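Residue-level structural notes
Read off the chains here:
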Amino acid sequence: MALAKLGSVAAEGIAASEVKVEVDVSSGLPGFIVVGLADKAVEESRERVRSALKHSGFTFPLSRITVHLAPSERKKSGVHFDLPIALGVLLADNQLKTNPRLTKTLFVAGLSLDGQLQAIHGTLIFVEWAKKHGYEAVVMPRANLGEGSLVEGISLVGLENFSQVIGWINGEFSPQEEAANEEPEQSEILDDDWLQIQGQEKAKRAALIAAAGGHNLLLEGPPGAGKTLVARGLRALLPPMDRDEMIEVVKLYSVSGELKTNRALDSLSRPFRSPHHSASHISIVGGGSNPRPGEISLSHRGVLFLDELPEFPRNVIEALRQPLEDGEVHVSRIAQTIRYPASFMLVATMNPCPCGWLNSAQRDCQCSPYQISQYRKKISGPILDRIDLFLAVEAVPLGDLRSPKRDTAELKTSRTKVGRARTRQLERNAGRLNANIPGANVAKICQIDQAAQDLLEKAAVKFVITGRSYHKLLKVARTIADLDDREAIKTGDVAEALQYRFFSAT
């Protein structure tokens, strides 16, 4: 009977912290207890470990077994503790001899009752942490190899069952060198959404500007005008994620449990999240008893699409204030505060009134002025101030629908423009898109001549232009110039930015 210690790790948001798995096997009434603020899934590991050891040819000790996950004040969750706990039991019971591989390897895997290794959440976070803290290898379920392979410079060992883990520790088993079997999953085909848009040249132009600079976009128009189609089609203009962006996105999807195992990660497109307007505050922002990323974080590096924005609860809409400004969200609970990245493009749609037919030539509006006012006031001034582009979308003439056009050449040209504009921005803005230029740098990066300044001053007389609105105008004008491969912002760029800026609240 002895005490065994193994290194492990716990996820905290998209970061990780060290956990020591201490296992004591001592004389006394047989029992198995897990201490150290373990959640239900970790507490239930005792039954999984007991069965897995028996079905893998080992004897489960009929002794008093105490498992301590240190430090005790931090909550632990996840089935990935199963494997180090099982190894600790064997070490403490002298069924497994101490081996240098045990101290230089991070073991993360769930266990099935028959000893098979279960796929886990947060693999990429654990592998990054292991590399940073000097581990030489990470043993994990074979199904998680693809995700872990995004981290270079550390040995990954993908195994299928507990017996293979013991064989690898003792040097008696070597896994095959090839990567885990990845499903031959094709990349999403996004072109069709864009190519289905008929007419709506102004809306397509606004979507092009939004995609190029990472700007937030609000489309307003009657039912059936094509607002949703433009919003979804915008994805086709966005360039593929680079490696750093993909790592950030995979981390979020992994800890949230939405990343498919055995998936070819190079097939991942930029996130596009479209929650229903009945979604709860926690599902949008994140949180819960075991905090998880919400929709705004799962939209990181992609698009958060809110269809019929005024129909969302007011507290949900107002919760967007901080993420839209800071690009991250803080989820606070009694025991901890977790930060999740949330740098996304907000694309929203709405009707001009509750019935949708205000100022429409197709049908008469049935709403009273009071109803219209209350409907539009559901979106507060601070939220509107954080949106870069506003556009009223008109109904498409039937003639355009009868003779649909699929202009693939236009889509290819637009993609090229967006890619070139983004490259220019990232080089000039120290890795930021125009929408994310810090306020202190706006004057330097978005310089305009006197004629453009005079135009802005005239607009300020007619419209309310806050400091944030002024900066957003300049950033949009900067993007318009970048789309034309120009460093100088012209008066015409500012004039076009002004067209997209103002939203009627009546």
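Rules used throughout
Residues numbered from 1 in each chain as written. Predicted model: local features only at pLDDT ≥ 70, side-chain atom pairs only at ≥ 80, totals over all residues. Heavy atoms only, no water. Helix = DSSP H or I, 4+ residues; strand = E, 2+ residues; numbered from the N terminus. Expected span 1.5 Å × (residues − 1). Buried < 20%, exposed > 50% of the residue type's maximum accessible area, 1.4 Å probe, protein only. Arc of directions from axis to C-beta. Contact = heavy atoms within 4.5 Å. Axes fitted to C-alpha atoms, helices over the stretch in contact; angles between N-to-C directions. Left-handed = near helix turned anticlockwise from the far one by under 90°. Nonpolar A, V, L, I, M, F, W, Y, C, P; charged D, E, K, R; others polar. Phe/Tyr/Trp six-rings, centres within 6.5 Å; stacked < 30°, edge-to-face > 60°.

1. Here we look at helix α21 (residues 450–462)
- Over its 13 residues, α21 extends 19 Å from the first C-alpha to the last, a length consistent with the 18 Å expected when each residue adds 1.5 Å.
- Within α21, burial applies to Ala452, Leu456 and Ala459. The buried residues of α21 occupy one face: seen down the axis, they fall within an arc of 60°. Across α21 from its buried face, at more than 90 degrees, point the exposed residues Gln450, Lys458 and Val461.

2. Here we look at unusual backbone geometry
- Each neighbour pair has its own omega, and for Ala70 with Pro71 the value is 5°, a cis peptide bond.
- The residue Pro71 is located in the loop between β4 (64–70) and α3 (82–92) in this model.
- Notably, Asp485 is not glycine yet its phi reads approximately 60°, a positive angle.
- One can find Asp485 in the loop between α22 (467–483) and α23 (491–499).

3. Thoughts on helix α2 (residues 45–55)
- Of the residues making up α2, those classed as buried are Ser45, Arg48, Val49, Ser51, Ala52 and Leu53.
- Its buried side turned inward, α2 meets β3 (31–35), α1 (40–43), α3, β6 (110–111) and α7 (162–169).
- Trailing α2 by a residue or two, Gly57 shows a phi angle of about 90°, which is positive.

4. Concerning the packing of helix α9 (residues 201–213) against helix α19 (residues 408–428)
- Between α9 and α19, whose axes approach to 8 Å, the crossing angle comes to 35°. The two elements α9 and α19 meet at a crossing, and its hand is right-handed. On α19, the residues touching Glu201, Lys204, Leu208, Ala211, Ala212 and Gly213 of α9 are Glu410, Ser414, Val418, Ala421, Arg422 and Gln425.
- Across the contact of α9 with α19, the residue classes break down as five nonpolar, three polar and four charged.

5. A word on the packing of aromatic side chains
- The final tally for this structure, using the stated rule, is four aromatic pairs.
- Each ring, one from Phe32 and one from Phe60, has its centre 6.0 Å from the other, and the planes form 10°; the classification is stacked. A residue pair is termed long-range when its members are at least 10 positions apart, and Phe32 in strand β3 and Phe60 in the loop between α2 and β4 qualify at 28 residues.
- A ring pair is formed by Phe58 and Phe162, whose centres lie 5.9 Å apart and whose planes are at 80°; its orientation type is edge-to-face.

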